[in-house]
Amino acid sequence: MKYGSVEYQYARPIAQGLVEDADFRRWVLLKSKFSDASEARILHREMKAHRNNPTAEWWRFYFAEGCRCLGCSGKETDIFAMFEDAAGFRFAIHFEIKQPKDKFKADGVQARGYPLRAECWARNPPPRVLRHQGASTGIFLSETKRTEYALHLGNFQTQITFEEIERHFPHLAVWRPDNN
Ligand SMILES: [Zn+2]
C-alpha cells in the first residue's frame, strides 16, 4: 500500500501517457510480448467502472487481499493496465515503477511476485479486476540501475528506462526538475 511521492511522480505521467498519448501507448506495447496488438485500446474506463472506487485512479492500488499465493501475498502492482485488441482479446500488463533512488530487496521476493501475480490474475482475477485472457509484466527503471537490478530484471518481460522516455516522449517526463 505504501506509495512514496517520488514513485508517484514517475508513475502518474506514465499511466496518463498510456491513456492520452497513442504514440506512447503503441511504443510501450511494441516492447511487450503483445507487440502484435500494438494498436489495442486501453481499458481504463472499463477498469475504473468495474472497480467502482471513485477515489482511486484507474491504474493504482492493485493488490489481491483474498489470494495467498506467492504472487499476491502482501504485494502490489504499481501500474496495472489492461488492453483490448480489435478481436476482443483482453490482456493486462503489471508494471513495476522503480524510481532512481529505490531498490529491490536482496531476497528477490518482490520481483518474482510479478509474473506469478500476472498468471494468477489472468487465471482467476480478483473481484475488482476485469477478466482477461493474457498477461505480462514490465518495469520502468533508470538506465543507471540496470546492473544493480540485474538479478531481478528477468521477471519483467518489458523493460523501459526513464531516460528513453525523456528522449522520445519529453512531454511525459515531468519528473525532470527542468520540466515542470
Ligand atoms: Zn494470487
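In this report, the structure presented in the accompanying data block is examined. For clarity, every value in this text was computed on a predicted model and none was experimentally measured. (Residues numbered from 1 in each chain as written. Predicted model: local features only at pLDDT ≥ 70, side-chain atom pairs only at ≥ 80, totals over all residues. Heavy atoms only, no water.)

Things to note about the pattern of salt bridges
Where side chains of opposite charge bring their charged atoms close, a pairing between them can arise. Scanning the entire structure with this criterion turns up 13 salt bridges. As a salt-bridge pair, E84 and R41 come within 3.1 Å of each other at their nearest N and O atoms. Note that E84 is positioned in strand β2 (residues 79–84) and R41 in strand β1 (residues 41–42), a separation of 43 residues in sequence. With a relative accessible area of 15%, E84 lands in the buried category. Between E148 and K145 there is a salt bridge whose closest N-O contact spans 3.0 Å. It is possible to trace a salt-bridge network through shared partners that takes in R41, E46, E84 and R90. (Salt bridge = Lys/Arg side-chain N within 4 Å of Asp/Glu carboxyl O. Helix = DSSP H or I, 4+ residues; strand = E, 2+ residues; numbered from the N terminus. Buried < 20%, exposed > 50% of the residue type's maximum accessible area, 1.4 Å probe, protein only.)

Structural notes on helix α3 (residues 44–51)
Buried residues of α3: H44, M47 and R51, and no others. Seen along its axis, α3 keeps its buried residues to an arc of 65 degrees; they face one direction. When the buried face of α3 is taken as reference, the exposed residues oriented beyond 90 degrees from it are R45 and A49. Where α3 is buried, its residues meet α1 (5–20), β1 and β2. Positive phi appears at N52, one or two residues downstream of α3, with a value of about 55 degrees. (Arc of directions from axis to C-beta. Contact = heavy atoms within 4.5 Å.)

Remarks on the coordination of the zinc ion
Donor atoms from the polypeptide that bind the zinc ion are C67 (SG), C69 (SG), C72 (SG) and C120 (SG), placed at 2.3 to 2.4 Å. Seen from the zinc ion, its 4 donor atoms lie at angles of 105 to 115 degrees, and the figure they make is tetrahedral. Written as a sequence motif, the donor residues of the zinc ion are C-x1-C-x2-C-x47-C. (Donors = N, O, S within 2.8 Å, 3.2 Å for Na, K, Ca; no water. Tetrahedral: all angles 85-135°; square planar, octahedral: opposite > 155°, others 65-115°.)

A short note on the packing of aromatic side chains
A full pass over the atoms with the stated rule returns 17 aromatic pairs. Centre to centre, the rings of F34 and F89 are 6.1 Å apart; their planes meet at 50 degrees, and the pair counts as tilted. Taken together, the positions of F34 in the loop between α2 (22–30) and β1 and F89 in the loop between β2 and β3 (90–97) put the pair 55 residues apart, joining distant regions of the chain. Chaining the aromatic ring pairs together yields one cluster made of F34, F83, F89 and F91. Over the ring of Y62 we find R51, and its NZ or CZ is 4.1 Å from the ring centre. Between R117 and the ring centre of Y114, over which it is positioned, the NZ or CZ distance is 4.4 Å. (Phe/Tyr/Trp six-rings, centres within 6.5 Å; stacked < 30°, edge-to-face > 60°. Lys NZ or Arg CZ within 6 Å of the ring centre and 35° of its normal.)

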